[in-house]
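Here is what each chain is made of, one letter per residue.
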Amino acid sequence: MPKPSYNGTTYRMEAKALILKGYVHKYGANVDTDVIIPARYLYTSEPAELAPHCMEDIDPSFQLRVKPGDIIVATTNFGCGSSREHAPIAIKAVGISCVIAQSFARIFYRNSMNMGLPILESDEAVAGTEKGDELEVDLTTGQIKNLTRGLTFQAKPYPPFVLELIEAGGLVEYTKRRLQAQKAKS
Amino acid sequence: MGKTLAEKILSQKSGTDARAGQMVIASVDLVYVQDTTGPLTIRQWEASGLERVADPSRTIVFIDHAAPSPRRELSNDHIFMRAFAQKTGAILSEAGEGISHQIVAETYAKPGDVIVGADSHTCTGGALGAFATGMGSSDVAIATALGKTWFRVPETYKVVVNGHFSKGVYPKDLILHLIGAIGADGATYKALEFSGDAIAQMEMEGRLTIANMAVEAGAKVGLFPADDIARRYLEAQGRSHGFQPLQPDDDALYERVIEIDASTLEPTIAKPHTVDNIAATRELKGTKIDQVFIGTCTGGRIEDLAVAAAILHGRRRHPSTRLLVAPASKSVLMEALMAGYIETFVEAGAIILPPGCAACIGVHQGIPGDGEACLSTANRNFQGRMGNPQAFIYLASPATAAASAIIGEIADPRDML
């Protein structure tokens, strides 16, 4: 099968650390997938090509401020709109380690798990965090520490299979590993 | 305890007694992708190592979002998609055939089916009583290979619509009103299930528009019963063989019941930049509109074009307002040609675009300029949606769109009917 010359590789997340630390970029309600990564850039699914356009329509200075490990914090319905998996890919590729929101849209929630992008729901953490704060997130316990303000919040921790999925780097890699394990057994 | 439509379908397809809140693995009757999410789905499918397609005759690859392709990279994506179809035997729907959701309704979806697509508006199929929902590329890749996927059985909001629609008010106004009332996340993770007199009398075209926009309130699916209207729609396509009516049980358990009196509705508009930012059309009269777009999976069906043509007949677009019309599918285009609607549009000064998503997602065919306002019959008005974050998108019915194209400002269609 011919592969397009501009995009010959398959997308795969690198394995994830389970304790994350970074500075906050804060947004309001209904951050949709069209502003996370506009359709005009969906001629590629290469993380490196999507990354420079992440959030550009809603926050033109995001690209200048974002540093590896940073955390996006938003209020309700984060990731609403299109089913494009390019949205969690772009967020990951720009260096964001985790998204914390009061609530997520349904398809984005599932896509983030499948892409190995950690996302957590916590009303308290969103209310107690401002732009520029430094957070530390422990995915195994769901604990969110605001290091700037000396506050601690508790999000619902992931069940073990989701942690495994995040560690594997997403659904496809996870499925592949399970298939290989099955083959090795039989 | 009886079952909702969602519980009935997922029980049947999972072989379990499926109840809201449970996780089930259900067989999938139809899987589809389109050309923005399809290439990634195919790459994920390749990467999974599963190396098979569960049922090629129920797997469809649509080229509709960039059709025909406006740039080299997208042309190459199309090559990649065609090669996948060729290799696996999956069905290919070429550029010009039309929008995936419309073709699925015309040709494939049946009551009681489970349908997954790598497009959030896959929920359109709910109009035919199918549990149809959008997913990301990785999920669809695995469903393509295995012919099954997991679901959390959704709780259901019952939306009961009684009364008669007033003249100039359409199903599009109803769904915009509902999204405005419950909010863009008002039904997140839930199923919407529609019933009532006004629904029982509503034609399939209107139902498809409503089911399509269930996701704009966050819903997983927007379900309609498979009744006489569904049977007649399938009959007209020669697909009513083995038709089984599908209704929810009278004693089904609903998380919430929302009642709407259709006779109190009026023409409604979603203002920039969220679909729940609604207003009565009459309150926005006089807002200058630079471009009107009549088309998409929520405004490009034959009923929609008939309403728009009736208003535009013998009239012309305002000289400073561009008018774009894109039929939802090739068969809609053919019907509109025979009915004389296309002639009416051309005489009214419209640009006719090929069947497909056209201007809706901002990759080609009608990107608005900086500071411009576009009135569209689409389902989404997010900032940048049509290709320019400096533009403003208003959503309305085809009647409101046609009336506004003539005046050059937002207009109330009741003044022209």
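Residues numbered from 1 in each chain as written. Chains lettered and ligands numbered in written order. Predicted model: local features only at pLDDT ≥ 70, side-chain atom pairs only at ≥ 80, totals over all residues. Heavy atoms only, no water.

Draft legend 1. Focus on the sheet that holds strand β10 (residues 221-223) of chain B. Residues and elements named next belong to chain B. Taken together, four strands build an open sheet; the order of strands is β10-β9-β8-β11 and the sheet is parallel. This sheet does not close on itself; its edge strands, each paired only once, are β10 and β11 (256-261). Adjacent strand axes in the sheet meet at a mean angle of 20 degrees when their direction is disregarded. Relative to strand β9 (residues 191-195), strand β8 (residues 156-162) is paired through five bridges, and the arrangement is parallel. (Pairing = 2+ DSSP bridges. Helix = DSSP H or I, 4+ residues; strand = E, 2+ residues; numbered from the N terminus. Axes fitted to C-alpha atoms, helices over the stretch in contact; angles between N-to-C directions.)

Draft legend 2. Structural view of the confidence of the model for chain A. The predicted model of chain A averages 89 in pLDDT, with 91% of residues at 70 or higher. Within the model, pLDDT remains below 50 along residues 1-14 of chain A, and this stretch shows 48 contacts once partners closer than five positions in the same chain are excluded. (pLDDT = per-residue confidence, 0-100. Contact = heavy atoms within 4.5 Å.)

Draft legend 3. Seen up close, the pattern of salt bridges. All names here are of chain B. Applying the stated criterion across every chain, the model contains 30 salt bridges over all chains. The closest approach of N and O atoms between Lys 13 and Asp 29, which form a salt bridge, is 3.2 Å. One end of the pair, Lys 13, is in helix α1 (residues 5-14); the other, Asp 29, is in the loop between β1 (23-27) and β2 (30-33), with 16 residues separating them in the sequence. Of the residues examined, Lys 13 reaches a relative accessible area of 21% and is grouped as partly exposed. (Salt bridge = Lys/Arg side-chain N within 4 Å of Asp/Glu carboxyl O. Buried < 20%, exposed > 50% of the residue type's maximum accessible area, 1.4 Å probe, protein only.)

Draft legend 4. Region of interest: the domain arrangement of chain B. Residues and elements named next belong to chain B. If you check the domain split of chain B, you get domain 1 (25-151), domain 2 (154-265) and domain 3 (268-415). At the interface, 22 residues of domain 1 touch 21 residues of domain 2. In total, domain 1 and domain 2 occlude about 1700 Å² of area from one another, counting both sides; carbon and sulfur atoms represent 64% of this. Considering only the surface of domain 1 that becomes buried against domain 2, Cys 123, Ala 127 and Phe 131 emerge as the three largest contributors, covering 28% of it. (Domains from an automatic or database assignment. Buried area = accessible area lost by both parts, 1.4 Å probe.)

Draft legend 5. Quick peek at the interface of chain B and chain A. Opposite the 52 residues of chain B that make contact, chain A presents 46 residues. Approximately 4100 Å² of surface area, both sides summed, lies buried where chain B meets chain A, with 57% of it carried by carbon and sulfur atoms. At the junction of chain B with chain A, the criterion picks out two salt bridges. Linking chain B to chain A there are 14 residue pairs in polar contact (both at pLDDT 80 or more). (Polar contact = N/O pair within 3.5 Å; in protein donor to acceptor, adjacent residues only side chain to side chain.)

Draft legend 6. Expanded view of a nonpolar patch on the surface. Together, B:Met23, B:Ile25 and B:Trp150 make up a nonpolar patch on the protein surface, roughly 350 Å² of accessible area in all. By secondary structure assignment, the location of B:Trp150 is in strand β7 (residues 148-152). (Patch = residues over 30% accessible without salt bridge, like charges linked within 9 Å, V, L, I, M, F, W, Y side chains within 5 Å. Areas by Shrake-Rupley, 256 points an atom, 1.4 Å probe, with all protein chains shown as cover.)

Draft legend 7. View of empty space enclosed by the protein. Residue and element names in this part refer to chain B. According to the stated counting rule, one finds six cavities of 30 Å³ or more in the structure shown. Taken as a whole, the largest cavity holds about 200 Å³ of empty space. Residue composition of the lining of the largest cavity, by class: seven nonpolar, 11 polar and four charged. A domain-level breakdown of the lining of the largest cavity finds at least three residues from each of domain 1 (25-151) and domain 3 (268-415). (1 Å grid on protein atoms, 1.4 Å probe; cavity = no way out; pocket = protein on both sides within 12 Å on 5 of 7 lines; lining within 4 Å. Points joined across faces, edges and corners; volume = space filled by probe spheres on them. Nonpolar A, V, L, I, M, F, W, Y, C, P; charged D, E, K, R; others polar.)

Draft legend 8. Representation of the nonpolar core in the model. Core analysis: the biggest nonpolar cluster contains 167 residues, and A:Phe78, A:Ile91, A:Ile100 and B:Phe293 have the highest contact counts within it. Those residues in contact with A:Ile100 that sit more than four places away from it in its chain are A:Ile71, A:Ile72, A:Val73, A:Ala74, A:Leu120, A:Ala125, A:Val126, A:Leu135, A:Val137 and A:Ile144. Listed in part, the 34 residues of the second largest apolar core include B:Ile294, B:Ala350, B:Ala396 and B:Ala403. (Core = buried A, V, L, I, M, F, W, Y, C linked by side-chain atoms within 4.5 Å.)

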